[in-house]
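Letter by letter, the chains look like this.
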Amino acid sequence: MAPFLFFDSATRFNTSGFKDLKIAQIDNLDLRYEIYPGKGQLFSLSAFYKHFTNPIELQAQANNSNQYKNAKEGTNKGIELEYRTLLSSIFGTENTKTLEDLTFYTNLAVIRSKVDIGNLVSSAILKDIPLQGQSPYVFNAGLQYLNKELGWSGSANMNRIGDRIAIHGNQTPGGATPAYWEKGRTFLDFQVAKSFLNNKLELKLNVQNALAQDLIFYQNSDLDTANNVKGFKAFVNSVLTGDSQNKNGYDHKEDDLVWRTKFGPTFSMSLNYSF
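All of the points below concern the structure found in this document.

Cut-offs applied
Residues numbered from 1 in each chain as written. Predicted model: local features only at pLDDT ≥ 70, side-chain atom pairs only at ≥ 80, totals over all residues. Heavy atoms only, no water. Helix = DSSP H or I, 4+ residues; strand = E, 2+ residues; numbered from the N terminus. Buried < 20%, exposed > 50% of the residue type's maximum accessible area, 1.4 Å probe, protein only. Contact = heavy atoms within 4.5 Å. Areas by Shrake-Rupley, 256 points an atom, 1.4 Å probe, with all protein chains shown as cover. Pairing = 2+ DSSP bridges. Polar contact = N/O pair within 3.5 Å; in protein donor to acceptor, adjacent residues only side chain to side chain. Core = buried A, V, L, I, M, F, W, Y, C linked by side-chain atoms within 4.5 Å. Salt bridge = Lys/Arg side-chain N within 4 Å of Asp/Glu carboxyl O.

Below, the discussion takes up the overall build of the chain. Summing up its helical and strand segments, the chain has 3 helices and 17 strands in all. With respect to the three principal axes, the spread of C-alpha positions in the chain is 70 × 40 × 40 Å. Counting across all 275 residues of the chain, residues that qualify as buried make up 37%. The contacts in the chain between residues at least 6 apart in sequence include a share of 64% that link residues at least 24 apart. Entry remark: accessible area of the chain is about 16,500 Å², with carbon and sulfur atoms responsible for 56%.

Here it is in structure tokens:
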């Protein structure tokens, strides 16, 4: 809400607040079902629906400037699946110590969002615009190891999100400036730890963002080309994004690359002692 302008030297964008912003109101409905089929196992299915009045969206302005504004309304709905289990429960070998110490988990949320920004732009082509910052899906998976007797622990975690709008476009009569999209990335993190001296001393090694994928922002040209995606990939696109051709996804052949940020993996080691 503060009428303060911030210049981002990396993106060359000016972003400012808006003193007349209204607090968004959200009507929320959730339904969740959980079962525990065996030792260390959890399976859950959730469904949710949210209705936004005066959602706050980041809107492009002239001269590379952006400002937070209230859109008319928006909706967000979807389902979420979660599963957690000991590997010994999957393979039916509870007497195997290694499998007893390994826990596998996964989580998938598929989301459909829509926002009405007709009060912010002048365009006749607005349709099914997702909420700014909302990915069509979020996927997590991981494997955790814990052996208290030997003092070893470790984990491998993966996170993936779908492409999402970073800044709403500035549509004008007779044409349109596409929105700015953030390309989805996959994060992969590892951790290994060993405790000593009756768990008073712990040595921990971390590797974050092992895949080091580039952060890409682009403007989606959405050219009227022939449908090329077929088969299993088209099916996966339909489930995760609602579009078999994934028209909003990044295509380096036709979309405009706005900026790219390169990252490297992060390695760290820590030594902790508890008195």
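Right, let's talk about the pairing of strand S5 (residues 56–60) for a bit. Counting buried positions over the 5 residues of S5 gives 4, a clear majority of the element. Summarising the sheet, S5 and strand S6 (residues 65–70) pair through 5 bridges and their orientation is antiparallel. The residue of S6 that forms the bridge with Glu-57 is Lys-69. Linking two consecutive strands that pair antiparallel, namely S5 and S6, is a turn of 4 residues; a positive phi of about 60 degrees is found at Asn-63 within it.

Looking now at the environment of Ala-109. Position of Ala-109 among the secondary structure elements: in strand S8 (residues 102–116). Residue class for Ala-109 comes out buried when judged on its relative accessible area of 10%. A C-alpha to C-alpha distance of 9.0 Å links Ala-109 and Asn-140, two positions 31 residues apart in sequence. If near-sequence neighbours (up to four positions away) are discounted, Ala-109 is found in contact with Ile-79, Glu-80, Pro-136, Tyr-137 and Val-138.

Moving on, we get to the side chain of Asn-220. With respect to the secondary-structure elements, Asn-220 resides in the loop between strand S15 (215–219) and helix H3 (231–241). Look at Asn-220 and you get buried, because its relative accessible area is 8%. There is a polar contact of 3.2 Å between the side chain of Asn-220 and the side chain of Asn-248. When sequence neighbours within four positions are dropped, the list of residues in contact with Asn-220 reads Pro-178, Ala-179, Trp-181, Lys-247, Asn-248, Gly-249 and Asp-255.

The subject of this paragraph is the nonpolar core. Membership of the largest hydrophobic core is limited to 12 residues, which are Phe-52, Ala-71, Val-115, Ile-117, Val-121, Ile-129, Leu-131, Ile-165, Ala-179, Trp-181, Ile-216 and Tyr-218. Dropping the residues within four chain positions of it, Trp-181 is found in contact with Pro-130, Asp-163, Arg-164, Ile-165, Ala-166, Ile-216, Phe-217, Tyr-218, Asn-220 and Asn-248. Core analysis: the second largest hydrophobic core is formed by 9 residues, Ala-60, Ile-167, Phe-217 and Trp-259 among them.

This paragraph deals with the pattern of salt bridges. Inspection of the entire model under this criterion finds 8 salt bridges. Of the charged contacts, one joins Glu-82 and Arg-32 as a salt bridge, the two residues approaching to 3.3 Å between their closest N and O atoms. A residue pair is termed long-range when its members are at least 10 positions apart, and Glu-82 in strand S7 (residues 73–86) and Arg-32 in strand S3 (residues 25–35) qualify at 50 residues. Accessibility expressed as a relative area gives 43% for Arg-32, which makes it partly exposed. When salt bridges with common partners are traced through the structure, they connect Arg-32, Glu-34 and Glu-82 into a single cluster.

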